[in-house]
Amino acid sequence: MNAIDSKRIWLSSPHMGGTEQDFVKKAFETNWVAPLGPNVDGFEKDIQSYLGNDVHVAALSSGTAALHLGLKLLGVSEGDEVLCQSMTFAASANPIVYLGAKPVFIDSERDTWNICAEQLEIAIKDRIAKGKKPKAIVAVHLYGMPYNVEAVHSIASEYRIPILEDSAEAFGSTYHGVKCGTFGDIAILSFNGNKIITTSGGGALISKDPKHREKAIFLATQARDNAPHYEHSEIGYNYRISNITAGIGRGQMQVLDSHVANRRRNFDFYKKHLENSSEIKFLEEPQGYFANRWLTCIETSSYELREKIRLSLADENIESRPLWKPMHQQAVFADCATYLNGISDDLFDRGLCLPSGSNLEEEDLYRIVSVIKKVLK
Ligand SMILES: *Cc1c(COP(=O)(O)O)cnc(C)c1O
């Protein structure tokens, strides 16, 4: 096939369910064009009943905003240290710096590619020995694969350090039957354009403590004290979601489970067609883990092979991407403390994210697999 003629295949593109515009239209008809209104309330209720477990939800303008407020609610401030999974998107770590605190990066484990409980405990002991107990832990369910909740949370509770659960990529994933986004002292979701459901841009802060939701909304709406005029005793933010974008979210909630099913179908397809190769490995679900398979990622046998596959796909107008570059390798975090075991560096060298949209068609998947098979021959 000629790459110029062939349709572009994206890594992960928005996939509307069909009813989104009805909710948006209703907002226009009733003139609820503001960062509050029935769609905001309805979207929060939809998320809450989907997650269950008595959570309280504040819908916000982005996942990054949710992380920023979440860390603030956990008491992170100037000069504090926050332990953060190194292998993640920069948005997991940036809000630590917004607050004047310092990230300390923790490497991954092989089983899930997420925060390594062993390195986490080494880091906690070492930071305490050096005179400063970390203020919070940012743990991430990368690519929709849950982190080892039991191991990570038992260490966190032993040392009494709260967890901010970054569930931006894991809406719809479960760990031993419990939904991701309900484990952390505070958890966050993202509805950015490439996520499993999207509002074009948006996020949510989740907590079992209703006071966290209340305070998050107070801070997200410019921290207005209760008075007839504008009275402020705290610095606020403009972080609330709008009633228009929340309308898109209400429509997307109706198709979340089918998006999860489609993304898992992508993973199964790739695995079925590529697992015979000794040069490619897939990340399997450990017992009790259910991943939404937001992105299907492969581990190739070498950096050279990864690049060959990536460039061959690009030649055929197919988008793919190396795994997240670990934060401890980023210039902007060069002076941060690290607790490393080599795993995230290795995964970054050899790993590749394949197109994984819930709107991919079978012929797209066949096209992708045939390019990869050609490279493997
Ligand atoms: C997308 C993402 C975020 C940030 O969410 P936005 O809504 O884009 O601000 C945070 N953490 C992870 C792991 C993400 O993938």
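Residues numbered from 1 in each chain as written. Predicted model: local features only at pLDDT ≥ 70, side-chain atom pairs only at ≥ 80, totals over all residues. Heavy atoms only, no water.

Asks: How should the domain arrangement of the protein be read in this particular structure?
Replies: It is common to give the size of an interface as the accessible area lost on bringing the parts into contact. Here the protein is described as being made up of domain 1 (20-253) and domain 2 (256-376). Taking only C-alpha atoms, the centre of domain 1 and the centre of domain 2 are 25 Å apart. The interface of domain 1 with domain 2 comprises 49 residues on the first partner and 41 residues on the second. Carbon and sulfur atoms make up 61% of the surface buried where domain 1 meets domain 2, a total of about 4,000 Å² over both sides. Among the residues domain 1 hides against domain 2, the three largest losses belong to Trp113, Tyr143 and Ile196. Together they make up 21% of the total. Summed over the shared surface of domain 1 and domain 2, the number is 3 salt bridges. Along the contact surface separating domain 1 from domain 2 lie 26 residue pairs in polar contact (both at pLDDT 80 or more). In the side of domain 1 that touches domain 2, the residues fall into 25 nonpolar, 15 polar and 9 charged. (Domains from an automatic or database assignment. Contact = heavy atoms within 4.5 Å. Buried area = accessible area lost by both parts, 1.4 Å probe. Salt bridge = Lys/Arg side-chain N within 4 Å of Asp/Glu carboxyl O. Polar contact = N/O pair within 3.5 Å; in protein donor to acceptor, adjacent residues only side chain to side chain. Nonpolar A, V, L, I, M, F, W, Y, C, P; charged D, E, K, R; others polar.)

Asks: For this particular structure, what's the right way to read the pairing of strand β3 (residues 102-106)?
Replies: Burial analysis of β3 places 4 of its 5 residues in the buried class, which makes it a mostly covered element. The pairing of strand β2 (residues 81-85) with β3 spans 5 bridges and is parallel. Looking at β3, one finds that Gln85 is bridged to Ile106. Sheet topology places β3 next to strand β14 (residues 338-339); 2 bridges connect them, and they run parallel. Bridging across to β14, Ile106 finds its partner in Tyr339. (Buried < 20%, exposed > 50% of the residue type's maximum accessible area, 1.4 Å probe, protein only. Helix = DSSP H or I, 4+ residues; strand = E, 2+ residues; numbered from the N terminus. Pairing = 2+ DSSP bridges.)

Asks: Just to check I follow, could you spell out the site of the ligand for this structure?
Replies: By nearness alone, 16 residues border the ligand, and Thr64, Asp166, Glu169, Ser190 and Lys195 come closest of all. The side chain of Lys195 places a nitrogen or oxygen atom 3.2 Å from an oxygen atom of the ligand. When the free accessible area of the ligand is taken as 380 Å², the share hidden by the protein chains comes to 95%. The greatest single-element share of the shell around the ligand, amounting to 3 residues, is contributed by helix α3 (residues 63-73). (Near = heavy atom within 4 Å. Areas by Shrake-Rupley, 256 points an atom, 1.4 Å probe, with all protein chains shown as cover.)

Asks: Mind showing me how you'd approach the side chain of Ser12 here?
Replies: On the secondary structure map, Ser12 appears in the segment before α1 (20-29). Reaching out from Ser12, the side chain makes a polar contact with the side chain of Arg263 at a distance of 3.2 Å.

Asks: Even after reading the chapter, I still don't get the sheet that holds strand β11 (residues 289-290), so can you show me in this structure?
Replies: The strands making up a sheet associate through hydrogen bonds between their backbones, and the pairing can be parallel or antiparallel. With respect to topology, 3 strands assemble into an open sheet ordered β7-β6-β11, the strand pairing being antiparallel. Two strands bound the open sheet, and with one partner strand each, they are β7 (178-179) and β11. As judged from the 2 bridges shared by strand β6 (residues 174-175) and β7, these two strands associate in the antiparallel manner. In the strand pairing of β7, Thr174 is matched with Lys179.

Asks: How should the UniProt feature "active site" (unreviewed entry) in the protein be read in this particular structure?
Replies: Per the UniProt record, "active site" (unreviewed entry) is found at Lys195. Position of Lys195 relative to the elements: it lies in the loop between β8 (186-190) and β9 (203-207). What makes Lys195 buried here is its relative accessible area of 10%. Residues within four places of Lys195 in sequence aside, it is in contact with Ala168, Glu169, Ser190, Arg263 and Trp294. Polar contacts involving the side chain of Lys195 include one to the side chain of Ser190, which spans 3.4 Å. (UniProt positions renumbered as here; feature names shortened; annotations may be inferred.)

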